[in-house]
Amino acid sequence: MNTNENRSRQSLLSSAIIGNAVKDSFIKLNPVTMMKNPVMFVVEVGTLVVLLMIMAPGYFGVDEGNIGFNITVFLILLFTLLFANFAEALAEGRGKAQADSLKKTKQEVMANKLAGGAVRRVPSTELRKGDIVVISQGELVPGDGEVIEGLASIDESAITGESAPVIKEAGGDFSSVTGGTRVVSDEIKVRITSDPGESFIDRMISLVEGAQRQKTPNEIALNTLLTSLTIIFLIVVVTLAPIAKYLNIELDVPVLIALLVCLIPTTIGGLLSAIGIAGMDRVTQFNVLAMSGKAVEAAGDINTMILDKTGTITYGNRMASSFIPVGGATVADLADWAAISSMKDETPEGRSVLELMKKQGLTYNEGLGNGGEFIGFTAETRMSGVDLPDGRKVRKGAVDAVKRWVSGQGGSIPGELDIQGNKVATEGGTPLAVAVDNQIFGVIYLKDTVKPGMRERFDQMRAMGIKTIMCTGDNPLTAATIAREAGVDDFIAESTPEDKIAVIRREQAEGKLVAMTGDGTNDAPALAQADVGLAMNTGTVAAKEAANMVDLDSDPSKIIEVVAIGKQLLITRGALTTFSIANDIAKYFAIIPAMFMVAIPEMDVLNVMQLGSPLSAILSALIFNAVIIPLLIPLAMKGVAYKPMSAVQLLSRNIFIYGLGGVVAPFIGIKLIDLVVHLWI
Ligand SMILES: Nc1ncnc2c1ncn2[C@@H]1O[C@H](COP(=O)(O)OP(=O)(O)OP(=O)(O)O)[C@@H](O)[C@H]1O
Ligand SMILES: [K+]
Ligand SMILES: [Mg+2]
């Protein structure tokens, strides 16, 4: 992460990005583009009207003496537009730069396609969903896919920026590979899962480049509010002219336009999209790909977080560490059946059983299993095994599942089983019971460890008012031990994928927004149901497709920071909206007295800022209105500082800072600008 952070900081300030942003500020003046932002579009129309009055003063009956003033107003308005465009262009810049470097990693390579038992060399662009390819040491992965055979270490730095290779293997939750990454050791057989143009890198490019950026519901609501305010002020200003005429005051059109621009919420109007883009960008710089801005905002509003145990709260390399026989069975018997049930079990748990055999110098009757029908592990059955050719059925799995299976065949359960199973579970391990037909042989002890620092993270979540629930397929005792060690608020044990969805739906029915992380195929439906689903990049293709975020570093606990970034985005937008609207109050005091002072000298009591002259007052307010936009760009881009605290505390704190600040700042700013401007006028 460190190198990434350095990289992003550098590129934020790179002169190329700033240069491009300046250029884009002019390109974005195109009225068709501008129309998407009604507040700034009104400013643009006003700017064009003033420009016309400068170019054809005779036609509009403009007084010779006013041309200088009009040119000044025009320039300030033009800069207001450019500043707003610059904010958006700058926010987009980093993503565009990142997209460019990603495009460079997208190269055509030759793939070893397996067809009819033979390997054929084909260009990667010809690969389609369902094709099988073989990738050997040193070769680039030609497309996204799922490992169906073998194990390899893979350098994924092209997409994750992380140089340490990761292990990808068939079967388990670490089976997906991404096109453009490199196999650094061993050989794997991969089933391609995406057609050309729909790959992960393609999606990543269009994401960081903002090609598919859509306004979020929050942004749309705010935009509607800003547009309504703009229309109201437009009506106010238009009706002001006849009223003034009645009072025998001649109000020039440029003065009215200046008033209008000062009153409408240009500050937030100019910064709104930059805030959204920068929020998305912060998530990307954090190596999390959010499929939509909506997902990032939802993260900011999360009330409940569902985490799975294995791999999220614990390291997740559940390894067989000992064989514990029960009911008079021997270690050799137990190990024999455990191994036979695992011969074709490609999950890490299954393979670890065979590894433990090797480590303990045990052998098993491999011939017995050959020709049998292997039953793969599923999260529903929570068992795996083999139906032998001689009719016997061998199973291993969660203790409760195996007990039910054995009882179903009229078998009896040795009392020792629960004692041994509970002992493993109380230590936080996972017991797998092993049975043949109606006889239970004992327990395999699968070990796993809680990641360090989990407790602190869950404490932070509690401070933000977020409830954490650990959902695990494991038994209640193991779950309770791990839950206590990690400090989660609640846990649900022996949960099937359906149970996970049920928990999410239950919380959602109470009006809560739910986040969850996962990596397994069994997590996919729940990832899709959750408001924020964060899938691990190491995980299965199904999980990545169901989720609305993918963590390239595959650190499930990062969901906590994603929530913080989402909150920061919402807070930043709220704070700058408050600031922008509060700002306008001070501008009334600058402009209204200035406009009416000549006819109504009593207006001078409103001139609390004691500005130099009516003209310099109007120009000063307009200049402040323009420069406040670039001054706030750093805040819009970096986000308002955020500390874990409750929503109510946050709201009152921000109204105080940005509301009051928004009222006071222009009084000081406009006065200072007036002191300078007055020297010229
Ligand atoms: N290869 C396997 N063969 C038989 N049983 C297994 C195997 N792997 C896991 N189990 C059993 O099935 C249970 C559920 O496993 P699963 O991987 O679905 O858990 P999960 O729902 O992902 O939750 P968590 O990741 O927290 O364990 C495990 O607790 C274990 O008892
Ligand atoms: K304004
Ligand atoms: Mg799991």
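Please read all numbers here as calculations on a predicted model, not as lab measurements.

Asker: Is there a simple way to explain the overall build of the protein chain in this structure?
Answerer: Along the protein chain, the regular secondary structure elements total 26 helices and 21 strands. Its C-alpha atoms put the protein chain at 110 × 55 × 35 Å along the principal axes. Burial statistics for the protein chain: of 681 residues in total, 54% are counted as buried. A separation of at least 24 residues holds for 69% of the contacts in the protein chain among residues at least 6 apart in sequence. Counting only carbon and sulfur atoms, one obtains 60% of the accessible surface of the protein chain, whose full area is about 28,900 Å². Positive and negative side-chain charges of the protein chain, numbering 59 and 73 respectively, have mean locations separated by a distance of 1 Å.

Asker: What am I meant to see in helix H2 (residues 15-27) here?
Answerer: An α-helical segment advances 3.6 residues per turn. Residues three or four places apart therefore align on the same side. Over its 13 residues, H2 extends 18 Å from the first C-alpha to the last, a length consistent with the 18 Å expected when each residue adds 1.5 Å. For H2, the set of buried residues is Ile 17, Ala 21, Asp 24 and Ser 25. Seen along its axis, H2 keeps its buried residues to an arc of 110°; they face one direction. Across from the buried face of H2, at angles greater than 90 degrees, the exposed residues are Ser 15, Ala 16 and Ile 27.

Asker: Hey, could you run me through the environment of Ala 586 in this one?
Answerer: Relative to the assigned elements, Ala 586 resides in helix H24 (residues 559-596). Not counting chain neighbours up to four residues away, the residues in contact with Ala 586 comprise Met 609, Val 663, Pro 666 and Phe 667.

Asker: What should I look at first to understand helix H15 (residues 348-359) in this one?
Answerer: Taking 1.5 Å of rise per residue, 12 residues should cover 16 Å, and H15 covers 16 Å from first to last C-alpha, within 8% of that figure. Taken together, the buried positions of H15 are occupied by Glu 349, Gly 350, Arg 351, Ser 352, Val 353, Leu 356 and Met 357. Taken together, the buried residues of H15 touch strand E5 (166-169), strand E11 (319-325), helix H14 (331-342), strand E14 (393-398) and strand E16 (439-447). Gly 361 sits one or two positions beyond H15 and adopts a positive phi of about 70°.

Asker: Even after reading the chapter, I still don't get the sheet that holds strand E19 (residues 514-518), so can you show me in this structure?
Answerer: The 7 strands lie next to each other as E9-E21-E20-E19-E10-E17-E18, forming an open sheet whose pairing is mixed. Looking at strand neighbours, the two that pair on one side only are strand E9 (288-290) and strand E18 (490-492), the edges of this open sheet. The sheet shows a mean angle of 20° between the axes of neighbouring strands, taken without regard to direction. Sheet topology places strand E20 (residues 532-536) next to strand E21 (residues 549-551); 3 bridges connect them, and they run parallel. Along E21, the bridge assignment pairs Ala 535 with Val 550.

Asker: What is the right way to look at the coordination of the potassium ion (ligand 2) in this model?
Answerer: Angles between donor atoms at a metal ideally measure 109.5 degrees for a four-coordinate tetrahedral arrangement and either 90 or 180 degrees for a six-coordinate octahedral one. The potassium ion (ligand 2) binds to the protein through Val 261 (O), Cys 262 (O), Ile 264 (O), Thr 266 (OG1) and Asn 625 (OD1); the donor distances cover 2.3 to 3.0 Å. Going along the chain, you hit the donors of the potassium ion (ligand 2) in the pattern V-C-x1-I-x1-T-x358-N. Classification of Val 261 by relative accessible area gives buried; the value is 1%. Taking relative accessible area as the criterion, Ile 264 reaches 0% and is therefore assigned buried.

Asker: Explanation requested: the UniProt feature "active site" (unreviewed entry) in the protein chain in the structure shown.
Answerer: The sites that carry the UniProt feature "active site" (unreviewed entry) are, in the present numbering, Asp 308. Here Asp 308 falls in the buried class, since its relative accessible area comes to 9%. Residues contacting Asp 308, with those up to four places away along its chain left out, are Ile 313, Met 470, Cys 471, Lys 500, Thr 517, Asp 519 and Asp 523. Reaching out from Asp 308, the side chain makes a polar contact with the side chain of Thr 312 at a distance of 2.4 Å.

Asker: Just to check I follow, could you spell out the pairing of strand E1 (residues 110-115) for this structure?
Answerer: Within a regular beta strand, the side chains point alternately toward one face of the sheet and then the other, so they alternate between its two faces. Across 6 bridges, E1 lies against strand E2 (residues 118-123) in antiparallel orientation. Across the sheet, Ala 115 pairs through a bridge with Ala 118, a residue of E2. Connecting E1 to the antiparallel partner E2 that follows it, the hairpin turn spans 2 residues, and Gly 116 within it adopts a positive phi of roughly 55°. Where E1 meets strand E3 (residues 132-135), 3 bridges bridge the pair, whose relative direction is antiparallel. Counterpart to Lys 113 in the pairing with E3 is Val 133.

Asker: Just checking my understanding: could you explain the packing of aromatic side chains for this structure?
Answerer: Note on aromatic pairs: each is described by the distance of the centres and the angle between the planes. One pass over the full model with this rule turns up 2 aromatic pairs. Aromatic side chains Phe 79 and Phe 83 sit 5.7 Å apart centroid to centroid with 50° between the ring planes, which places their arrangement in the tilted category. Taken together, the positions of Phe 79 and Phe 83, both in helix H6 (residues 67-105) and 4 residues apart, correspond to about one turn of that helix. Ring centres of Trp 337 and Phe 441 lie 6.1 Å apart, and the angle between their planes is 50°; this geometry places the pair in the tilted category. A residue pair is termed long-range when its members are at least 10 positions apart, and Trp 337 in helix H14 and Phe 441 in strand E16 qualify at 104 residues.

Asker: Before we go on, may I ask you to explain the sheet that holds strand E13 (residues 383-387) in this structure?
Answerer: Paired through backbone hydrogen bonds, the strands of a sheet run either parallel or antiparallel to each other. The 6 strands are arranged E11-E16-E15-E14-E13-E12 in an open sheet whose pairing can be described as antiparallel. Strands with a single pairing partner mark the edges of an open sheet, and in this sheet they are E11 and strand E12 (373-375). The mean inter-strand angle of the sheet, taken between neighbouring strand axes irrespective of direction, is 15°. Bridge analysis of E13 against E14 gives 5 bridges, and the strand direction is antiparallel.

Asker: Explain the nonpolar core here, please?
Answerer: One recurring pattern in soluble globular proteins: nonpolar side chains tend to sit buried together. In this structure, Leu 271, Met 305, Ile 313, Met 549 and Met 595 are the most contacted members of the largest nonpolar core, which totals 118 residues. Among the elements that line this core, the one with the most residues is H24, at 16 residues. For this core, the domains that each give at least three residues are domain 1 (15-98 + 209-283 + 564-678) and domain 3 (288-313 + 451-552). Sequence-distant contacts of Met 549, that is, excluding residues within four places in its chain, are made with Val 288, Leu 289, Ala 290, Ala 295, Val 296, Ala 299, Val 532, Gly 533, Leu 534, Ala 535 and Val 562. Counting 21 residues, the second largest nonpolar core, distinct from the first, contains Ala 320, Ile 340, Leu 432 and Val 436.

Asker: Could you clarify how one ought to interpret the side chain of Thr 284 in this entry?
Answerer: Inspection of the secondary structure assignment puts Thr 284 in helix H11 (residues 266-285). With relative accessibility at 12%, the residue Thr 284 sits in the buried group. Within the structure, Thr 284 has its side chain in polar contact with the backbone oxygen of Met 280 (distance 3.0 Å).

Asker: Please clarify how the layout of surface pockets should be interpreted in this entry.
Answerer: Where empty space is left can be seen by rolling a probe of water-molecule size over the atoms. The space that makes up the second largest pocket amounts to roughly 730 Å³. As for the second largest pocket, its lining consists of 29 residues, of which Val 166, Ile 167, Phe 174, Tyr 315 and Thr 538 are closest to the centre. Where the lining of the second largest pocket is concerned, the elements lending two or more residues are E5 and H15. Top element by residues in the lining of the second largest pocket is H15. It accounts for 4 residues.

Criteria and thresholds
Residues numbered from 1 in each chain as written. Chains lettered and ligands numbered in written order. Predicted model: local features only at pLDDT ≥ 70, side-chain atom pairs only at ≥ 80, totals over all residues. Heavy atoms only, no water. Helix = DSSP H or I, 4+ residues; strand = E, 2+ residues; numbered from the N terminus. Buried < 20%, exposed > 50% of the residue type's maximum accessible area, 1.4 Å probe, protein only. Contact = heavy atoms within 4.5 Å. Areas by Shrake-Rupley, 256 points an atom, 1.4 Å probe, with all protein chains shown as cover. Lys, Arg positive; Asp, Glu negative; His and termini not counted. Charge placed at Lys NZ, Arg CZ, Asp CG, Glu CD. Expected span 1.5 Å × (residues − 1). Arc of directions from axis to C-beta. Pairing = 2+ DSSP bridges. Axes fitted to C-alpha atoms, helices over the stretch in contact; angles between N-to-C directions. Donors = N, O, S within 2.8 Å, 3.2 Å for Na, K, Ca; no water. UniProt positions renumbered as here; feature names shortened; annotations may be inferred. Polar contact = N/O pair within 3.5 Å; in protein donor to acceptor, adjacent residues only side chain to side chain. Phe/Tyr/Trp six-rings, centres within 6.5 Å; stacked < 30°, edge-to-face > 60°. Core = buried A, V, L, I, M, F, W, Y, C linked by side-chain atoms within 4.5 Å. Domains from an automatic or database assignment. 1 Å grid on protein atoms, 1.4 Å probe; cavity = no way out; pocket = protein on both sides within 12 Å on 5 of 7 lines; lining within 4 Å. Points joined across faces, edges and corners; volume = space filled by probe spheres on them.

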